[in-house]
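Structural overview
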Amino acid sequence: MNIHQLSVNHDERQDRLLLRLNTQDLQEFRFWLTRRMTLRLMPAIEKSAKRLEAAQPGVAVTDAPSQQLLTELKRDAFLKKTDFATPFENRATQWPLGAEPLLITDAHMSIQPGGALEISFEDKSDPTQARSCQLHLQVSLVHGMAHLIRQASEKAEWLAASSPIQATEAGPVLAPEPPRYAH
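Notes on the structure follow.

Parameters at a glance
- Residues numbered from 1 in each chain as written.
- Predicted model: local features only at pLDDT ≥ 70, side-chain atom pairs only at ≥ 80, totals over all residues.
- Heavy atoms only, no water.
- Helix = DSSP H or I, 4+ residues; strand = E, 2+ residues; numbered from the N terminus.
- Buried < 20%, exposed > 50% of the residue type's maximum accessible area, 1.4 Å probe, protein only.
- Contact = heavy atoms within 4.5 Å.
- Areas by Shrake-Rupley, 256 points an atom, 1.4 Å probe, with all protein chains shown as cover.
- Pairing = 2+ DSSP bridges.
- Axes fitted to C-alpha atoms, helices over the stretch in contact; angles between N-to-C directions.
- Salt bridge = Lys/Arg side-chain N within 4 Å of Asp/Glu carboxyl O.
- Expected span 1.5 Å × (residues − 1).
- Core = buried A, V, L, I, M, F, W, Y, C linked by side-chain atoms within 4.5 Å.

Quick look at the overall build of the protein chain now. In terms of regular secondary structure, the protein chain is built from three helices and seven strands. Here the protein chain, with 183 residues, has 40% of them falling under the buried criterion. Counting only contacts in the protein chain whose residues sit at least 6 apart along the sequence, the fraction spanning at least 24 positions is 52%. Only carbon and sulfur atoms are counted for the fraction: they give 51% of the accessible area of the protein chain, which is about 11000 Å².

Given below as structure tokens:
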């Protein structure tokens, strides 16, 4: 599947994000991300992006700070040349997962030998009719998807200071450190 467009929008009525992927052959894949799933998924996506960047041919980065810097540089370079201004086009003629988006209840990720991230999204909300979809994303698409999910999460105020999980611009979504007591 060659992905042509990505879109992430916040549905205020149901407090969830709609992730839409259009392929070059006019297929559209739709996924609902709840706040809880989004906050659990983002650190894994960002960690996977670091691993993908470090595994690129000709890259000899082994320590964590260097991996973080490399990932930030590659992400920033990708974001600078990406067109986020063009609106998402509703040109799809096929919906392989059906008209109703998958409600993602489980997600599994693995780095593939060819340098792609395989994400398996599962909808187990109805045990009698579990559905799933596997995506194979190159690192540039991983950066783009993470960027759009983060933007939509910020717009939905899911990453607000009152949230138990906070984001930093330079790093992944992290739980705050517990308080320390000294005597």
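We are not done yet, so read on.
A few words now on the sheet that holds strand 7 (residues 131–138). Here three strands make up an open sheet; going across it, the order is 5-6-7 and the pairing antiparallel. Edge positions in the sheet fall to strand 5 (106–111) and strand 7, since each has one partner strand and no second. Direction aside, the axes of adjacent strands within the sheet are offset by 15 degrees on average. The strands touched by helix 1 (residues 35–54) are strand 5 and strand 6 (116–123); relative to strand 5, the strand with the most contacts, the crossing angle is about 5 degrees. Packing against the sheet, helix 3 (residues 139–155) makes contact with strand 6 and strand 7, and its axis sits at approximately 115 degrees to strand 7.

Throughout the structure, instances matching the rule amount to six salt bridges. D106 is paired through a salt bridge with K124; the nearest N and O atoms lie 3.9 Å apart. Highlighted residues: D106 in strand 5 and K124 in the loop between strand 6 and strand 7, separated in sequence by 18 residues. The class for D106 is partly exposed, based on a relative accessible area of 25%. Across the pair D123 and R131 runs a salt bridge whose closest N-O atoms are separated by 3.8 Å. Given a relative accessible area of 8%, D123 falls into the buried group. Within this structure, R20, E28 and R30 form a network of salt bridges that share partners.

The next subject is helix 3. Here helix 3 spans 24 Å end to end across 17 residues, near enough to the 24 Å set by a 1.5 Å rise per residue. Buried residues of helix 3: V139, V142, H143, G144, M145, A146, L148, I149, R150, A152 and S153, and no others. Just downstream of helix 3 lies E157, where phi reads positive at about 60 degrees.

Moving on, we get to the nonpolar core. Counting 32 residues, the largest nonpolar core has F31, L33, I45, F121, M145 and I149 as its most contacted members. Of all the secondary structure elements, the ones that give two or more residues to this core are strand 1 (3–11), strand 2 (16–23), strand 3 (28–34), helix 1, strand 6, strand 7 and helix 3. The element contributing the most residues to this core is helix 3, with seven residues.

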